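Working through the structure, step by step
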Amino acid sequence: METVEMNSVSLKRPHSEDDVANADEIKRQKTSEKSKTGNDSGQSIVTEQPDKSLLEDTKNEIIPNEESEEQEDEELEDSDEDGDPESFADMMKHGLTESDVGITKFVSCHKGFSGILKERYSDFVVHEIGKDGRVSHLDDFSVPVDDEDPSEETFTVLSDEDKQRLEELQLLKNKETSVAIEVIEDTKEKRTVIHQAVKSLFPGLETKTEDRDGKKYIIAYHAAGKKALAKVRTATDPRKHSWPKSRGSYCHFVLYKENKDTMDAINVLSKFLRVKPNIFSYMGTKDKRAITVQEIAVLRITAQRLAHLNKCLMNFKLGNFSYKNHPLKLGELQGNHFTVVLRNITGTDDQIEQAMHSLREIGFINYYGMQRFGTTAVPTYQIGRAILQNNWNEVMDLILKPRPGAEKGYLVKCREEWAKTKDPAAALRKLPVKRCVEGQLLRGLLKYGMKNIISAFGIIPRNNRLMYIHSYQSYVWNNMVSKRIEEYGLRAVAGDLTLKGATAVHIEEGDVDNYTIHDVVMPLPGFDVIYPKHKIGEAYKEMLVADNLDINNMRHKIRDYSLSGAYRKIIIRPQNVNWEVVAYDDPRIPLFTTDLDKLEGKPLPVLPTDGKFRALKMEFSLPPSTYATMAIREVLKMDTSIKNQTQLNTTWLR
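Quick summary incoming for the structure in this document. (Residues numbered from 1 in each chain as written. Predicted model: local features only at pLDDT ≥ 70, side-chain atom pairs only at ≥ 80, totals over all residues. Heavy atoms only, no water.)

Moving on to the overall build of the protein. Check the secondary structure of the protein and you find 19 helices and 20 strands. Every one of the 654 residues in the protein was classed for burial, and the buried ones make up 56%. Here the protein displays about 29200 Å² of accessible surface, and carbon together with sulfur accounts for 47% of that area. (Helix = DSSP H or I, 4+ residues; strand = E, 2+ residues; numbered from the N terminus. Buried < 20%, exposed > 50% of the residue type's maximum accessible area, 1.4 Å probe, protein only. Areas by Shrake-Rupley, 256 points an atom, 1.4 Å probe, with all protein chains shown as cover.)

Rendered as structure tokens:
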């Protein structure tokens, strides 16, 4: 096996004509969500509140405070970039390329060829693989029913106006202490259905029947005022008496989604169900620009209520319902199975065969993909480096300063205002979306002042803050792996690291023949890892010294930002690799059927035997925390950055 230096060829996600085709669909979904959920932000991110950071030395540091963010943004953040492909490509001139983040090597020796990745989001399909090895599929819409489930009429008996008034009562949004619903067709059965509808759709409310002026009314009210509301809003103690003891507390279901990320999808589901997002659990987050299928669990929401959402939601489908006694845990999966179409490929059949055989037999370098580092002119790893350096003015500047390239208009105006005035309040007024990182930091600066950036930065949710330093770790790892492969090639050598169980050990000279490159791991920098005992160990130290960091002291004054480190295999060999080359004429037609297509009985697409274009359909399975784009990069031998993919797609669309 030989390593190949990456050529400066260019290719991430293209901005293609299906974005335009989907624009109206996205707008319809946003309108639908707003009308059904009241003040719906559409993309209010599901975020955990930041913990109070634990300091090892509290003399000179201020502990970031928790900041509760209840306000909902009225503007949406998830629209795609506007403009024609050429203008977008022009803006992306300032984006990152793979070489900027240390991605420079290949392991195979075939000649590369071009192809377009994610020309349509439906060209990229992800199925989650559970810890039992079972691949998640949406193939069953049926609902497990028991005698205690409410009737289907429960979901339609209340008018939209009734639901709005009941929701306001449930959340104590007005001064009303009760809501009266007139029973138009007064029968005992009708009254029972209304009672059930109120109690099941608006947990925390009680009902009673009253006669008023000769008419029957169902009166909804809070049994215990604000105390009852507190239970509803945390959703950790739903109406215990209404949940059968014989039924598992968690409803597990398969979520099929299109062109939406996992956390955003859960946020939308929670709004439609009128519950907090924290009652949902899942094993991993999935790509936005893709069709993805994964398992979700939710606490004490019936399958019947969930199935009813299939009538309301666009780009979502829920199915394969079951009740279990446990939630899902992040990371509790074996991996993901990918089905990918690369369109408009230029490779010969021989080139494709060589590329796919190499992927199956050798694998690919387990680089952190481009999405780890952001898409703008300020990479996330630079912010992470500044945090580790304890350079908080630099952190603030990198997040808020004007930057060239593709950004939403309101962010550009916000940055310009900040550069001109350094006034958090003035810059914040330019942001319709306050939940973005820039808005959160500006609110923090407004609250704590410019001299207390640490506390201001602490308002940003913990996961988002840690993303920056994890990005820096990934940047170091990518660069070091490229150096390792350049120096020693694709064989295990003395001084490399391998795992014995969960413990890393050095490979000794006499044992080298017992290991292959697939056994070798390399560390992400931290205080609890060891480094290779060859030139690459020194290279780690040199890289961190150049960044004004001490590899022997990766503990930070703020414990959250202390890096313990981890180990990662340098080569990944995908499982279940299959491929097929197909011809097609129309770039807008799908080239395979999805789970939803099969459920709806849609036939397989009829493809010409000799079309104008050729596409490579490929399937493979990967373990968690590996990047499918890096496997695809190895096949094409092309740069997968958004900068270069956009430029390639722009050229093709001319």
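Having seen the structure, we can now continue with the description.
So, about the sheet that holds strand β17 (residues 566–569). Across the sheet, which stays open at both edges, the 4 strands sit in the order β15-β14-β16-β17 with antiparallel pairing between neighbours. The sheet terminates laterally at β15 (503–506) and β17, the two strands that pair on one side only. Taken pair by pair, the neighbouring strands of this sheet meet at an average axis angle of 55°, ignoring direction. As judged from the 4 bridges shared by strand β16 (residues 520–524) and β17, these two strands associate in the antiparallel manner. Paired with Val 521 across the two strands is Lys 569, which belongs to β17. (Pairing = 2+ DSSP bridges. Axes fitted to C-alpha atoms, helices over the stretch in contact; angles between N-to-C directions.)

A few words now on the pairing of strand β10 (residues 291–299). Counting buried residues in β10 gives 9 out of 9 residues, a clear majority hidden from the surface. Burial of the side chains of β10 extends over both faces: Ile 291, Val 293, Glu 295, Ala 297 and Leu 299 are buried on one face and Thr 292, Gln 294, Ile 296 and Val 298 on the other. In the sheet, strand β4 (residues 124–130) pairs with β10 via 3 bridges, with the strands oriented parallel. When the bridges of β10 are listed, Val 126 appears paired with Thr 292. Here 9 bridges tie strand β8 (residues 250–258) to β10, and the two strands are oriented antiparallel to one another. Counted as the bridge partner of Leu 255 is Gln 294 from β10. Note: strand β9 (residues 280–282) against β10, 3 bridges, orientation antiparallel. In the sheet register, Tyr 282 faces β10, and the bridge partner there is Ile 296.

Considering all chains together, one arrives at 30 salt bridges under this definition. Notably, a salt bridge pairs Arg 134 with Asp 132, separated by 3.7 Å at the nearest N-O pair. Classification of Asp 132 by relative accessible area gives exposed; the value is 56%. Notably, a salt bridge pairs Glu 182 with Lys 215, separated by 3.8 Å at the nearest N-O pair. Residue Glu 182 is found in strand β5 (residues 178–182), and its partner Lys 215 is found in strand β7 (residues 215–222); the two are separated by 33 residues along the sequence. (Salt bridge = Lys/Arg side-chain N within 4 Å of Asp/Glu carboxyl O.)

Moving on, we come to the sheet that holds β5. Taken together, the 3 strands give an open sheet; going across it, the order is β5-β7-β6, and neighbouring strands pair in antiparallel fashion. The open sheet has two edge strands, β5 and β6 (205–212), and neither has a second partner. Strand-to-strand twist of the sheet, defined as the mean angle between neighbouring strand axes without regard to direction, takes the value 25°. Packed on one face of the sheet, helix α4 (residues 188–201) meets β5, β6 and β7 and runs near 145° to β6. (Contact = heavy atoms within 4.5 Å.)

Attention now moves to unusual backbone geometry. Located in the positive-phi region is Lys 118, a residue other than glycine, with phi close to 60°. For Lys 118, the position within the fold is in the loop between β3 (116–117) and β4. Take Lys 118: its relative accessible area is 11%, and that puts it in the buried class. Positive phi outside glycine occurs at Asn 320, with the angle close to 50°.

With that out of the way, let us pick up the packing of helix α11 (residues 409–421) against helix α13 (residues 437–448). Interhelical geometry of α11 versus α13 gives an angle of 30° and a closest axis separation of 12 Å. By the angle class used here, α11 and α13 are roughly parallel. In this structure, α11 crosses over α13, and the sense of that crossing is left-handed. In this structure, α11 uses Leu 411, Cys 414, Arg 415 and Trp 418 to contact α13, whose residues at the interface are Glu 438, Leu 442 and Leu 445. In the contact of α11 with α13, the residues fall into 5 nonpolar, no polar and 2 charged. (Parallel < 35°, antiparallel > 145°, perpendicular 65-115°, else oblique. Left-handed = near helix turned anticlockwise from the far one by under 90°. Nonpolar A, V, L, I, M, F, W, Y, C, P; charged D, E, K, R; others polar.)

Residues Phe 457, Met 618 and Phe 620 are the most contacted members of the largest nonpolar core, which totals 105 residues. Residue contributions to this core peak at 11 residues, all from helix α15 (residues 462–488). Setting aside anything within four residues of it in sequence, one finds Phe 620 in contact with Asn 336, His 337, Phe 338, Val 340, Pro 574, Gln 575, Asn 576, Val 577, Ala 628, Ala 631 and Ile 632. Ala 265, Tyr 282, Ile 301 and Phe 316 belong to the second largest nonpolar core, which has 27 residues in total. (Core = buried A, V, L, I, M, F, W, Y, C linked by side-chain atoms within 4.5 Å.)

Let us look at the pairing of β16. In the case of a regular strand, side chains alternate between the two sheet surfaces. Within β16, 5 of the 5 residues are buried, which leaves it mostly tucked inside the rest of the structure. Alignment of strand β14 (residues 497–500) against β16, held across 2 bridges, turns out to be antiparallel. If you follow Leu 497 over to β16, its bridge partner there is Val 521.

Turning next to the environment of Asn 344. Here Asn 344 shows up in the loop between β12 (333–343) and α8 (349–361). Given a relative accessible area of 18%, Asn 344 falls into the buried group. In this structure, the C-alpha to C-alpha distance between Asn 344 and Arg 614, residues 270 residues apart in sequence, is 5.3 Å.

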